[in-house]
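Each chain, written out:
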Amino acid sequence: MSGLVGIVNGHAVARDLVGALARLDARGYDTAGLAVAGPGFAVRKVVGPAAALTGYVGEREFAGHAGIANARWASAERPEGRGALPQVWRGVAVVHNGIVENHRALRRDLESQGHDFETEADSEVIPHLIAAARADGLAPAMAVRQACARMQGTYAMAVLFTDAPDRLLAASCGSPIVVARGAGGAAVASDAMALTSLADDFATLEDGDIAELSGDGVRILDRDGHPAERLWRSLAAPTEELARKDHHDTLT
């Protein structure tokens, strides 16, 4: 399991990403990373808590207005920054919570098509799948949907594109993820508590939903690709109340 956040707004997001991620650090994560869009990706991965990323956020390359970040427990006995998230491939960056159960079969198929992999992490196949769909001409939301259709398991993700640096995509498949909106921006997280100072209200995505986040807010599509409305709740609620609501959403 891991904690993920993504933010898009009208100013540099790196510092907000690290701050939001730090709110999840009490869970004992031992690797962290972030990616900020445009042009290209600025990426940092570290062994340690989210606070270890603080020294990078003031650099000019991290001045983009859309980004994603992740903190997680290392899957191996010894944490390594290389296997940390985000995972990046050809203009697509992904943070993800959960497991892609058929990642080995997907990896073999992608390798047969000329894809190169750097780790054994299941997360690494996700940007490859999305990038392949984009190369076939699919728009970002459809590329994410096609990738999800090929994956087995329970997961949630946030996706960043170099050719769409003013937006994020989020997807849910059996793993909790929330989207949030506020003046001039939007955000996504595995836990609403990470976003309490960054937006006004939040909604929990349903299984199969894909959300597009931009400075204009949040647009949610259901599993059939139709526009969907979800229940929006205030992020001004006390932290304990948000925790109870998210726990209830996970169980129902």
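Okay, so let's go over this structure. Please read all numbers here as calculations on a predicted model, not as lab measurements.

Criteria and thresholds
Along every chain, residues carry numbers that run from 1 in the direction the sequence is written. Only residues with pLDDT of at least 70 get local features here, since the model is predicted, and only at 80 or more are side-chain atom pairs given and counted; chain-wide, interface and lining totals rely on the full set of residues. Hydrogens and water are ignored here; the side-chain numbers use all heavy atoms of the structure. What counts as an axis is a line fitted to C-alpha atoms, over the stretch in contact for a helix, and the angles between N-to-C directions run from 0 to 180 degrees. The helix and strand labels rest on DSSP assignments: H or I over at least four residues marks a helix, E over at least two residues marks a strand, and numbering proceeds from the N terminus. Under this scheme an angle from 65 to 115 degrees is roughly perpendicular, one under 35 degrees roughly parallel, and one over 145 degrees roughly antiparallel; angles in between are oblique. Two helices crossing with the near one rotated counterclockwise from the far one by less than a right angle form a left-handed crossing, whereas a clockwise rotation gives a right-handed crossing. By definition, residues are in contact when any of their heavy atoms lie within 4.5 Å. Any residue outside Ala, Val, Leu, Ile, Met, Phe, Trp, Tyr, Cys, Pro, Asp, Glu, Lys and Arg is labelled polar, Gly included; the first ten of those are nonpolar and the last four are charged. The rule is simple: take the accessible area with a 1.4 Å probe, protein chains only, and divide by the maximum for that residue type; under 20% is buried, over 50% is exposed, in between is partly exposed. Put simply, a nonpolar core is a bunch of buried Ala, Val, Leu, Ile, Met, Phe, Trp, Tyr and Cys residues held in one set by side-chain atoms that sit within 4.5 Å of each other.

Points about the packing of helix α2 (residues 103–112) against helix α3 (residues 125–135)
So, point 1. Where α2 meets α3, the axes come as close as 10 Å, and the angle between the chain directions of the two elements is 45°. Between α2 and α3, the crossing angle belongs to the class labelled oblique. Crossing geometry of α2 relative to α3 is assigned as left-handed. When α2 is examined against α3, the residues His103, Leu106, Arg107 and Leu110 are found in contact with a partner set consisting of Val125, His128 and Leu129.
So, point 2. Grouping the amino acids of the contact of α2 with α3 by side-chain chemistry returns 4 nonpolar, 2 polar and 1 charged.

Notes on the side chain of His103
So, point 1. Position of His103 among the secondary structure elements: in helix α2.
So, point 2. Residue His103 is classed as buried on the basis of its relative accessible area of 8%.
So, point 3. His103 has contacts with Glu120, Asp122 and Val125, leaving out every residue within four places of it along the chain.

Describing the nonpolar core
So, point 1. If you look at the biggest cluster of nonpolar residues, it comprises 31 residues, and the most contacted ones within it are Val5, Leu17, Leu21, Leu34 and Leu195.
So, point 2. Breaking this core down by element, the ones donating at least two residues are β1 (2–8), α1 (14–22), β2 (31–37), β3 (41–47), β4 (66–72), β9 (178–182) and β10 (185–189).
So, point 3. Take this core: its biggest share by element is 5 residues, from α1.
So, point 4. Setting aside chain neighbours within four positions, we find Leu17 in contact with Val5, Gly6, Ile7, Leu34, Ala35, Val36, Gly67, Ile68 and Ala69.

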